[in-house]
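# Results of the structural survey
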Amino acid sequence: MLPLYLQSKLKSLGIYSLEELQKYDYYLVFQWLRDIYPSTDFKVLFDLYCLNHNQSLNTLDPEVKSNLKQTYKSLPRHFAPLLKEVIEKFMHQALAIAKESDNEIPIGAIVVKNGEVIGRGNNQTIASNDITAHAEIVAIRDASEYLGNYRLDDCDLYVTIEPCLMCSGAIINSRIRRVIFGAHEPKTGALESQYKVLNNININKHTEAIGPIDNDLYSLPLRDFLKQKR
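Let me sum up the structure you'll find in this document.

Reading guide: rules and limits
Residues numbered from 1 in each chain as written. Predicted model: local features only at pLDDT ≥ 70, side-chain atom pairs only at ≥ 80, totals over all residues. Heavy atoms only, no water. Buried < 20%, exposed > 50% of the residue type's maximum accessible area, 1.4 Å probe, protein only. Helix = DSSP H or I, 4+ residues; strand = E, 2+ residues; numbered from the N terminus. Pairing = 2+ DSSP bridges. Salt bridge = Lys/Arg side-chain N within 4 Å of Asp/Glu carboxyl O. Core = buried A, V, L, I, M, F, W, Y, C linked by side-chain atoms within 4.5 Å. Contact = heavy atoms within 4.5 Å. Disulfide = S-S within 2.5 Å. Phe/Tyr/Trp six-rings, centres within 6.5 Å; stacked < 30°, edge-to-face > 60°. Axes fitted to C-alpha atoms, helices over the stretch in contact; angles between N-to-C directions. 1 Å grid on protein atoms, 1.4 Å probe; cavity = no way out; pocket = protein on both sides within 12 Å on 5 of 7 lines; lining within 4 Å. Points joined across faces, edges and corners; volume = space filled by probe spheres on them. Nonpolar A, V, L, I, M, F, W, Y, C, P; charged D, E, K, R; others polar. Parallel < 35°, antiparallel > 145°, perpendicular 65-115°, else oblique.

## Thoughts on the pairing of strand S1 (residues 108–113)
- Within S1, five of the six residues are buried, which leaves the element mostly enclosed by the surrounding structure.
- In this sheet, strand S2 (residues 116–122) lies alongside S1 in antiparallel orientation, the contact comprising six bridges. Across the sheet, Val112 pairs through a bridge with Val117, a residue of S2.
- Adjacent in sequence and paired antiparallel, S1 and S2 are bridged by two residues, among which Asn114 carries a positive phi angle near 55°.

Spelled out as structure tokens, the structure:
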């Protein structure tokens with residue numbers, strides 16, 4: 001049975017029973033709870049561990065507690081999960097922007113804060129004669145101008161294709177919370193395909209990668225574009 005003090009917090013994650021809780025990694029659940037309730041202390045992690053292992057609460061020795069803390073601090077960042085319909089809504093908007101590209105590699109990106117689109121971008125490298133004008137960076141610049149701040153804390157970036165190393169660097173330095181990408185980029189993708197830069201806790205403490213959402217759907221404009229070029 002779940003302890004009373006945890007029940008309401010876990011309900012916010014759609015977890016209503018011990019059986020449901022045990023389907024998830026206890027570190028991940030602790031990260032989700034810390035995202036929603038920033039004051040959540042390590043006692044919750046210790047209790048989640050005990051519940052996951054069918055162990056009585058408040059029975060962990062100091063060494064186990066210390067190991068749990070250290071492991072948690074070494075993990076990549078994870079925020080509370082987004083609803084599927086929210087992801088689909090904004091990914092479709094990014095896809096529509098990708099399709100607006102004129103003689104540019106068709107990739108679309110948007111920046112979202114509190115459910116509002118505050119930045120938009122598609123590739124403009126040819127039009128602006130600027131190799132840095134990838135869709136992600138154009139959207140980040142647009143959002144930064146809107147907020148009057150280069151730090152995009154509490155913002156999510158939706159992009160149709162997995163970002164490259166350059167864009168991943170911009171994402172990390174702008175402190176974007178999540179990057180949700182539609183399809184892998186096998187040759188230059190820096191989140192999963194060629195590199196896993198967001199998994200390096202030494203350089204990234206702010207951003208979580210989510211994706212691919214649908215490789216076939218979100219890579220279609222790019223595949224059609226490349227076919228035409230051939």
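From this point, the discussion proceeds with the structure in view.
## Regarding the pattern of salt bridges
- Enumeration according to the criterion identifies five salt bridges in this entry.
- With a closest N to O distance of 3.7 Å, Arg141 and Asp130 form a salt bridge. Of this pair, Arg141 sits in helix H8 (residues 135–147) while Asp130 sits in the loop between helix H7 (125–128) and H8, and the two are eleven residues apart along the sequence.
- For Arg141, a relative accessible area of 42% puts it in the partly exposed group.

## Topic: the nonpolar core
- Residues Ile110, Val111, Leu152, Leu157, Tyr158 and Val179 are the most contacted members of the largest nonpolar core, which totals 36 residues.
- Of all the secondary structure elements, the ones that give two or more residues to this core are helix H6 (84–98), S1, S2, H8, strand S3 (155–161), helix H9 (165–173), strand S4 (178–183) and helix H10 (215–229).
- If sequence neighbours within four positions are ignored, Val179 has contacts with Leu157, Val159, Pro163, Ile171, Leu191, Leu198, Thr207, Glu208, Ala209 and Ile210.

## With respect to the state of the cysteines
- This model, assessed by the stated rule, comprises zero disulfides.
- Cysteine Cys155 remains unbridged, with the sulfur of Cys167 as its closest cysteine sulfur at 17 Å.
- This cysteine, Cys167, is not joined by any disulfide, and Cys164 carries the nearest cysteine sulfur, 3.8 Å off.
- Judged by its relative accessible area of 0%, Cys167 is buried.

## Side note on the packing of aromatic side chains
- Using the criterion set out here, one finds seven aromatic pairs in the structure.
- Here the aromatic rings of Tyr24 and Trp32 are separated by 5.5 Å at their centres, their planes lie at 70°, and the arrangement is edge-to-face.
- With relative accessibility at 9%, the residue Trp32 sits in the buried group.
- Measuring from centroid to centroid gives 5.7 Å for Phe42 and Tyr72, while their planes differ by 85°, and the two rings are edge-to-face. Here Tyr72 lies in helix H5 (residues 62–73) and Phe42 lies in helix H4 (residues 42–52), a separation of 30 residues in the sequence.

## Some remarks on the sheet that holds S4
- With mixed pairing, the five strands of this open sheet are ordered in space as S2-S1-S3-S4-S5. For this open sheet the edge positions go to S2 and strand S5 (208–210), each flanked by a neighbour on one side alone. Averaged over all pairs of adjacent strands, the angle between strand axes in this sheet comes to 20°, irrespective of strand direction.
- Where H8 meets the sheet, it contacts S1, S2 and S3, and its direction lies at approximately 140° from that of S2.

## Some words on the layout of surface pockets
- For the largest pocket, the calculated volume is near 640 Å³.
- As for the largest pocket, its lining consists of 29 residues, and the residues nearest its centre are Ile105, Ile161, Glu185, Leu222 and Leu226.
- Elements with a contribution of two residues or more to the lining of the largest pocket: H7 and H10.
- Ranked by the residues each element gives to the lining of the largest pocket, the list is headed by H10, at seven residues.
- The class makeup of the residues in the lining of the largest pocket is 13 nonpolar, eight polar and eight charged.
- Quantified by volume, the second largest pocket comes out at close to 290 Å³.
- Of all the elements in the fold, those that place two or more residues in the lining of the second largest pocket are helix H3 (26–36) and H5.

## Re the packing of H4 against H5
- Contact geometry of H4 with H5 gives a least axis separation of 10 Å together with a crossing angle of 105°. Between H4 and H5, the crossing angle belongs to the class labelled roughly perpendicular. Contact residues: Phe42, Leu45, Phe46 and Tyr49 in H4; Val64, Lys65, Leu68, Lys69, Tyr72 and Lys73 in H5.
- Residue classes in the contact of H4 with H5 are distributed as seven nonpolar, no polar and three charged.

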